Amino acid sequence: MKDRLGITLFPARITRIGFRFRAVLLPMLFLTVFLCVCLSGASLPLPHPIPPPAEDPPPVTKMPTQTTTITKPATQTTTKQTSSTATTTTTKPASTAASASSVQQPKTTTTSASSSAPIRVNSQPLRDLSGNVVTMNGNYGGSPVLLPVEYTAKPNEFRGIWVATAFNLDFPKHDTAAEFQATFRSLAARIAAMGFNTIMFQVRPTCDALYPSAINPWSRWLTGEEGKPHDGGFDPMAFMIAESHRRGLKFYAWMNPYRVGQVNTSAASTYLKTLSSRNFARQNPGLVVRWDNRKTNLSFFFLDPGRAEVVAHVVNSVREVLEQYRPDGIVFDDYFYPIGVDDTCDAATFRKFGRKGQTLADWRRANTELLIRSVSGTVRAFNKLNGTSIPFGISPVGIWANKSAALPDGSPSRGVEAYSQSFADVRKWVKNSWIDFVIPQINWGFANKIAPFAGIVNWWADLVRGTNVKLYAGIGVYNAGVTAGMESPSEISNQVLYLILRKEVSGVVFFAARHCLNPQNNAQRTSLRTVFNTYWRTTTPTSK
């Protein structure tokens, strides 16, 4: 979408443009000036002005919680989906919890793991490999974890898969466009065959782009050299969107807002010089923060969230993708402030721009909030102007905050939290509907004593209830068979099964593609076989 201001022979057109300038562009320009002057003290020419941040929605009137019952017929005919309406298919799981056959025929029950009423289903207690009933830890009430006896797909169930390009984790570099096309065709075909309906592809991994961009260089993860495209003017993202849609898949553009890169500390002093001359970080070294993690001997480079110029660049990067491609969704993951970042790396920015009486932590959260509201406002303004409905969402770490006297609304967990460690107040973003969906990374098992899967799912389900934000559970397939408490060959499939109990959960997203395509151990293979070949075998609901 380009500006079309200019002289015209048609008075009606002038009237419409004049109205648009007064009603839309003037507020945008005002906010741009405000950000640049108040936060950075410098004027910044922008390709496009930043629109006003997302407005607070009117208060939501919560309806009384109702308990619904899923009634399953004795026999269902399996039909193939032929329209946007999903055909719900009920199947018996190939394998549920260990020793499940020893459980007597259960009665229709509800789980007591949450304050809200879950969906009523025919359920049974989850058992571990020794046949013992798995319970919530004491902080979550200590009640048994219940699982539905059968899998029932939800209407319009979201089934996403992360495809990481940073460090070529899930998608390799290619010398030619033809090689790239062949790899993606194969990937998309396998993803569709497994039953997913959405690809979350990382198109902006490290202040770069896997698409032709006017403001970001070609990613080094595309060809192996930053700034180097494929031959013949090939556009990878246009191809991927078309190929995904051809196979009935949606394509979400996964973008990292701040991350510039990470290298061994010994090479950090010259890292920025290795970037393309078109890289925003190399052009603006004063807007880059370096944090040396002495525990790992790695140096992290990220754009300074406290600078208005950084907010403007990220917003313009998102706007560019919207205008050029209109993907099916925009998503950020948890790469805001790096987990564990010290108090000194951005101390100079805080001294310059922090408000009187504001703590460093509050200032950092305010910076991240400004980014989220600005991107949200950009996406929603684009949708309104173009008649589209592209959603914008976040995939934060699985714990918003551990419950404490200072944060009584947190979960009764004891793990890494978004609120104080990546300075992302995701709960506030959800409550104000500044985002359209949230994908908490719930990468733990049912038996985890610090952050049990069922307990964390229930916390997020309670959070989104009464809002306009969709909840998709992020599941870490890579932990199955590797992390303590996730040894069961049914761990991942049981997690998918558990989500049926919570009507607030609208879908699931698996991390990552490499583990789904090439399972690393028996626990991953067995669980994924159950999900792909049994639960998702006959139906792929169209996501919304």
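It should be emphasised that the depicted structure is a prediction, and the values quoted were computed from it without experimental measurement.

(A) Expanded view of the side chain of aspartate 346. Inspection of the secondary structure assignment puts aspartate 346 in the loop between strand E12 (329–332) and helix H7 (347–353). On the accessibility criterion, aspartate 346 (1% relative accessible area) is buried. Within the local environment of aspartate 346, its side chain forms a polar contact with the side chain of arginine 364, the two groups lying 2.7 Å apart. With residues near it in sequence (within four places) discarded, aspartate 346 still touches Val289, Asp304, Tyr337, Leu360, Trp363 and Arg364.

(B) Representation of the sheet that holds strand E9 (residues 259–264) within the structure. Read from one edge to the other, the open sheet built from three strands follows the order E9-E11-E10, with strand pairing classed as antiparallel. Each edge of the open sheet is held by one strand with a lone partner, namely E9 and strand E10 (288–293). Going across the sheet, the axis of each strand differs from the next one's by a mean of 15 degrees, ignoring polarity. The sheet contact formed by E9 and strand E11 (residues 298–303) spans five bridges and is antiparallel. Following the sheet pairing, asparagine 264 is matched in E11 by leucine 298.

(C) Examining the packing of helix H12 (residues 491–498) against helix H14 (residues 522–535) more closely. Interaxial distance between H12 and H14 falls to 6 Å at its minimum, and their mutual angle equals 45 degrees. The orientation of H12 relative to H14 falls into the category oblique. Touching Glu491, Ile492, Ser493, Val496 and Leu497 of H12 are Ser527, Thr530, Val531 and Tyr535, all from H14. In terms of residue class, the contact of H12 with H14 is built from five nonpolar, three polar and one charged.

(D) How the structure looks around the pattern of salt bridges. By the definition in use, this model includes 18 salt bridges. For arginine 220, the salt bridge goes to glutamate 226, with nearest N and O atoms at 3.7 Å. Between glutamate 309 and arginine 307 there is a salt bridge, and its shortest N-O distance comes to 3.3 Å. Judged by its relative accessible area of 10%, glutamate 309 falls in the buried class. Through salt bridges with shared partners, a single ionic network connects Arg185, Glu243, Arg246 and Arg247.

(E) How the structure looks around the packing of aromatic side chains. Considering all chains together, one arrives at 37 aromatic pairs under this definition. Centroid distance phenylalanine 302 to tyrosine 337: 6.2 Å. Interplanar angle 70 degrees. Geometry classified as edge-to-face. Taken together, the residues span a long stretch of sequence, with phenylalanine 302 in strand E11 and tyrosine 337 in the loop between E12 and H7 at a distance of 35 residues. An angle of 70 degrees between the planes, with centres 5.5 Å apart, marks the rings of tryptophan 400 and tyrosine 419 as edge-to-face. Of this pair, tryptophan 400 sits in the loop between strand E13 (392–394) and helix H9 (418–421) while tyrosine 419 sits in helix H9; the two residues are 19 residues apart in sequence, bridging distant segments of the chain. Comparing tryptophan 400 with tyrosine 419 shows no difference in burial state: the two are buried. Members of the aromatic cluster, connected to one another through ring pairs, are Phe171, Phe180, Phe184, Phe201, Phe234, Phe239 and Phe251. Above the plane of the ring of tryptophan 400 lies arginine 427, whose end atom (NZ or CZ) is 5.7 Å from the centre.

(F) How the structure looks around the pairing of E10. As paired strands, E10 and E11 are joined by six bridges and run antiparallel to one another. What sits directly across from arginine 290, in E11, is phenylalanine 301. Where E10 hands over to E11, the hairpin turn is made up of four residues, of which asparagine 297 adopts a positive phi near 60 degrees.

(G) Focus on the sheet that holds E13. One closed barrel holds the eight strands; their spatial order is E6-E7-E8-E12-E13-E14-E15-E16, and the pairing between them is parallel. Two strands pair when backbone bridges link them, and strand E6 (residues 158–163) and strand E7 (residues 198–204) are joined in this way by four bridges, in the parallel orientation. Paired with valine 163 across the two strands is phenylalanine 201, which belongs to E7. Along the sheet, helix H2 (residues 177–194) makes contact with E6, E7 and strand E8 (250–255), crossing E7 at roughly 145 degrees.

The rules behind each value
- Residues numbered from 1 in each chain as written.
- Predicted model: local features only at pLDDT ≥ 70, side-chain atom pairs only at ≥ 80, totals over all residues.
- Heavy atoms only, no water.
- Helix = DSSP H or I, 4+ residues; strand = E, 2+ residues; numbered from the N terminus.
- Buried < 20%, exposed > 50% of the residue type's maximum accessible area, 1.4 Å probe, protein only.
- Polar contact = N/O pair within 3.5 Å; in protein donor to acceptor, adjacent residues only side chain to side chain.
- Contact = heavy atoms within 4.5 Å.
- Pairing = 2+ DSSP bridges.
- Axes fitted to C-alpha atoms, helices over the stretch in contact; angles between N-to-C directions.
- Parallel < 35°, antiparallel > 145°, perpendicular 65-115°, else oblique.
- Nonpolar A, V, L, I, M, F, W, Y, C, P; charged D, E, K, R; others polar.
- Salt bridge = Lys/Arg side-chain N within 4 Å of Asp/Glu carboxyl O.
- Phe/Tyr/Trp six-rings, centres within 6.5 Å; stacked < 30°, edge-to-face > 60°.
- Lys NZ or Arg CZ within 6 Å of the ring centre and 35° of its normal.

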